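# Fold and geometry: a report
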Amino acid sequence: MYNLLKGKKGIIFGALNSKSIAWKVAEKAFEEGATFTLSNTQVAMRFGEINELAEKCNAEIIPADATNLKDLEHLFTKSMEILGGKIDFVLHSIGMSLNVRKGRVYDDLDYNYFLKTIDISALSFHKVLQTARKLDAINEWGSVLALSYVAAQRTLYGYNDMADAKAILESIARSFGYIYGRDKKVRVNTISQSPTRTTAGSGVKGIDGLIDFTDRMSPLGNADAEDCANFCITMFSDLTKKITMQNIFHDGGFSSMGMSLRAMTQYNKSFGEDVEMNLE
Ligand SMILES: NC(=O)c1ccc[n+]([C@@H]2O[C@H](COP(=O)([O-])OP(=O)(O)OC[C@H]3O[C@@H](n4cnc5c(N)ncnc54)[C@H](O)[C@@H]3O)[C@@H](O)[C@H]2O)c1
């Protein structure tokens, strides 16, 4: 370990179980010398395994619905009290779509669900930032990160209204990043992560095919949750002090590819099978 986060204080949202990206980030942040609080919804606490993580990382859990401003205010105030000072890093690792969960397709959306998707998966990031800013809860050169997906820029079958939420999320990082950087030297970024087998990830339609496809398309292969955690740690550290207002692809190169040899080979194979099937 490199002690990259020695003396730093943080808040980590979104660790549900050991597959969660936030879970891996918490483990690595602890290894790198950080102290932090963990937060998730009451429901997630009942069904998840966050207590186990808290014990392992010597962290206190503070429940909060990230769409609720009062909860967020309490979370920041209490975290500063527990950790003994202002916060240096925040991970927003939160996403949920009821349209995806209930099988509503993009041209037959339930608009109440749609608003919830946007509130939970995008506006909550603004709420976290605004709450922190008003409480002056983040130290200079602090680093705030949210996790995004390439569907913000490109259409991927089945990602549904989460694509719109991610586009807003990335825009919030730019808009708030300007203000927070200008006034307090706090940096705000999003990381656009490869498809990953987590609880949220498994909800995406055709996730197995998608993971195989992006892996074949990416020269370095998919980035897994642990790779993502390593990258988050560097983004929280002082080694990346001048990065702000960015959406950084952490996807083995997928976002710059059009076609790869491995994907083409597989495509040709299945095309052959298709033809054979059609001939039968
Ligand atoms: N898994 C993937 O393929 C993938 C790819 C790119 C980006 N991401 C993003 O990574 C982030 C973390 O997801 P994950 O894959 O680790 O899955 P996960 O299911 O482990 O984490 C999602 C978390 O969001 C929390 N959450 C939901 N509603 C909330 C609310 N109102 N307030 C606070 N927390 C709430 C859940 O309790 C859960 O802990 C999400 O933003 C997701 O969109 C995931």
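Residues numbered from 1 in each chain as written. Predicted model: local features only at pLDDT ≥ 70, side-chain atom pairs only at ≥ 80, totals over all residues.

## What to know about the overall build of the protein
The secondary structure content of the protein amounts to 11 helices and seven strands. Taking the principal axes of the C-alpha coordinates as reference, the protein spans close to 70 × 45 × 40 Å. The burial tally for the protein puts 43% of its 280 residues in the buried class. At a minimum sequence separation of 6, the contacts of the protein that also span at least 24 residues come to 74%. (Helix = DSSP H or I, 4+ residues; strand = E, 2+ residues; numbered from the N terminus. Buried ≥ 20, exposed ≤ 12 C-beta atoms within 10 Å, placed from the backbone. Contact = placed C-beta atoms within 7 Å.)

## Quick look at the pairing of strand E1 (residues 9–13)
Counted residue by residue, E1 has five buried out of five residues, so it is predominantly covered. Alternating residues of E1 divide into Lys9, Ile11 and Phe13 and Gly10 and Ile12, and every residue in both groups is buried. Pairing of E1 with strand E4 (residues 87–92) involves three bridges; the strand directions are parallel. Within the sheet, the bridge partner assigned to Ile12 lies in E4 and is Leu91. (Pairing = 2+ DSSP bridges.)

## Comments concerning the environment of Val204
For Val204, the location among the structural elements is in the loop between helix H8 (199–202) and helix H9 (207–217). The class for Val204 is buried, based on 20 C-beta atoms found within 10 Å. Through-space distance from the C-alpha of Val204 to that of Arg101 is 8.6 Å; in sequence the pair is 103 residues apart. Setting aside residues up to four positions removed in sequence, Val204 forms contacts with Gly158, Tyr159, Pro195 and Leu210.

## Regarding helix H4 (residues 69–83)
For H4, with 15 residues, the first-to-last C-alpha span of 21 Å sits near the 21 Å given by 1.5 Å per residue. Those residues of H4 that sit buried are Leu72, Leu75, Phe76, Ser79 and Leu83. Buried residues of H4 fall within an arc of 90° about the axis and therefore sit on the same side. Among the exposed residues of H4, those oriented more than 90 degrees off its buried face are Lys70 and Glu81. Contacts made by the buried residues of H4 are with E1, strand E2 (35–39), E4 and helix H6 (111–135). Of the residues trailing H4, Gly84 is marked for its positive phi of about 80°. (Expected span 1.5 Å × (residues − 1). Arc of directions from axis to C-beta.)

## Describing the site of the ligand
If you check the shell around the ligand, you find 27 residues, and the closest are Ser20, Gly95, Thr198, Ala200 and Gly201. Those elements giving two or more residues to the shell around the ligand turn out to be helix H1 (21–31), strand E5 (138–148) and H8. Residue contributions to the shell around the ligand peak at three residues, all from H8. Residue classes in the shell around the ligand are distributed as 13 nonpolar, 13 polar and one charged. (Near = placed C-beta within 6 Å. Nonpolar A, V, L, I, M, F, W, Y, C, P; charged D, E, K, R; others polar.)

## Description of the packing of H6 against helix H7 (residues 162–184)
Two elements in contact, H6 and H7, have axes whose closest approach is 7 Å; the angle formed by their N-to-C orientations is 15°. By the criterion of interaxial angle, the relationship of H6 to H7 is roughly parallel. The two elements H6 and H7 cross, and the hand of that crossing is right-handed. Residues Thr117, Ile118, Ser121, Ala122, Phe125, His126, Leu129 and Arg133 of H6 touch H7, and the partners they reach there are Met162, Ala165, Ile168, Leu169, Ile172, Phe176 and Tyr180. Of the residues assigned to the contact of H6 with H7, the class counts are 11 nonpolar, three polar and one charged. (Axes fitted to C-alpha atoms, helices over the stretch in contact; angles between N-to-C directions. Parallel < 35°, antiparallel > 145°, perpendicular 65-115°, else oblique. Left-handed = near helix turned anticlockwise from the far one by under 90°.)

## Description of the environment of Asn58
Among the structural elements, Asn58 can be located in the loop between helix H3 (50–57) and strand E3 (60–61). Residue Asn58 is classed as exposed on the basis of its 9 C-beta neighbours within 10 Å. Residues Asn58 and Lys205, spaced 147 residues apart in sequence, show a C-alpha to C-alpha distance of 36 Å.

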